[in-house]
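Take a look at the letters that make up each chain.
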Amino acid sequence: MMCDGRKQDARAPEPTLRRLPWYLAYVKLLKGCGETRVSSTQIAKEIDVDPSLVAKDLSFVHIAGKTRVGYDVDALIEILENFLGFTSQHRAFLFGVGRLGAALMRDSGLNRYGLNIVAGFDVREDVAGTTIDGIPVFHIDEIEERQREYAATIGIITVPVEEAQKVADRILDKGIRALWNFTPFRIRVPGDVVVQNTSIYAHLAVMYNRLNLLNG
């Protein structure tokens, strides 16, 4: 009935990958309440999507539910966490230790989702040489030396927008294979590098627009 959730189907579309963590969070809440089974209808009602969409999304993680019984909660949690990569540890460097960058370095919750920020980098001399919650901060000129030490594969970019492309260009030849970009700038990278853009300002714009429509 089940296959190994770690065998990720590369064809899973991005909207599906964005919804799966919502399903996981809800199922974990159910487990905390002592529930052992969950149906796609229950998940759909909580997440506010069509039940057929939930079933289609879950088909990508290779778990089958039973008619009128649903999915086993423990199995679904385990397979979703494996499929989404949350059970593996991914070493990351953070570039730009300002307020946002420092907050991310202090966020211990990221570790539970497989993201291990092992070092921060900045151009400011007064910031380099410090630590944030035990994580060292280095001058960006040390990137090559520290990459030999830590072998990070992910770069988190929280620098000023005008520096985003320069930083990306500087670190991508050091073994970084994925970028989590928190700036509004759309970074240009080679085809073999993964970029995930998370612009706080873009999300604010959407929220403000929807709010204006409600008030209009």
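To keep things clear, this report deals only with the structure shown in the data block. Remember, predicted model here, so these are calculated numbers, not experimental data.

Here we look at the environment of Ser 199
Structurally, Ser 199 can be placed in the loop between strand S9 (194-197) and helix H9 (200-215). Note on Ser 199: relative accessible area 5%, which makes it buried. For the pair formed by Ser 199 and Phe 185, sequence separation is 14 residues and the distance between their alpha carbons is 8.5 Å. In this structure, Ser 199 is in contact with Phe 182, Thr 183 and Pro 184, ignoring residues within four places of it in sequence.

Observations concerning the sheet that holds strand S3 (residues 90-95)
The mixed open sheet is built from seven strands, whose spatial order is S5-S6-S4-S3-S7-S8-S9. Among the strands making up the open sheet, the edge pair consists of strand S5 (131-132) and S9.

Some remarks on the packing of helix H1 (residues 14-32) against helix H3 (residues 51-59)
Here H1 crosses H3 at 100°, and the two axes come no closer than 10 Å. With respect to their mutual orientation, H1 and H3 come out roughly perpendicular. Together, Thr 16, Arg 19, Leu 20 and Tyr 23 of H1 and Leu 53, Val 54, Asp 57 and Leu 58 of H3 make up the contact between the two elements. Its residues assigned to classes, the contact of H1 with H3 shows five nonpolar, one polar and two charged.

A look at the packing of aromatic side chains
The description of an aromatic ring pair rests on the distance of the ring centres and on the angle between the ring planes. Within this structure, the stated rule accounts for eight aromatic pairs. Plain terms: the ring middles of Phe 121 and Phe 138 are 5.8 Å apart, the flat faces sit at 45° to each other, and that makes the pair tilted. Of this pair, Phe 121 sits in strand S4 (residues 115-122) while Phe 138 sits in strand S6 (residues 135-139), and the two are 17 residues apart along the sequence. Here Phe 121 matches Phe 138 in class, with each residue buried. With centroids separated by 6.5 Å and ring planes inclined at 50°, the aromatic side chains of Phe 138 and Tyr 150 adopt a geometry described as tilted. Placement of Phe 138 in strand S6 and of Tyr 150 in helix H7 (residues 143-150) is noted, with a sequence separation of twelve residues between them. Here a set of aromatic residues connected by ring pairs shows up, and it is made of Phe 93, Phe 95, Phe 121, Phe 138 and Tyr 150.

About the thresholds
- Residues numbered from 1 in each chain as written.
- Predicted model: local features only at pLDDT ≥ 70, side-chain atom pairs only at ≥ 80, totals over all residues.
- Heavy atoms only, no water.
- Helix = DSSP H or I, 4+ residues; strand = E, 2+ residues; numbered from the N terminus.
- Buried < 20%, exposed > 50% of the residue type's maximum accessible area, 1.4 Å probe, protein only.
- Contact = heavy atoms within 4.5 Å.
- Pairing = 2+ DSSP bridges.
- Axes fitted to C-alpha atoms, helices over the stretch in contact; angles between N-to-C directions.
- Parallel < 35°, antiparallel > 145°, perpendicular 65-115°, else oblique.
- Nonpolar A, V, L, I, M, F, W, Y, C, P; charged D, E, K, R; others polar.
- Phe/Tyr/Trp six-rings, centres within 6.5 Å; stacked < 30°, edge-to-face > 60°.

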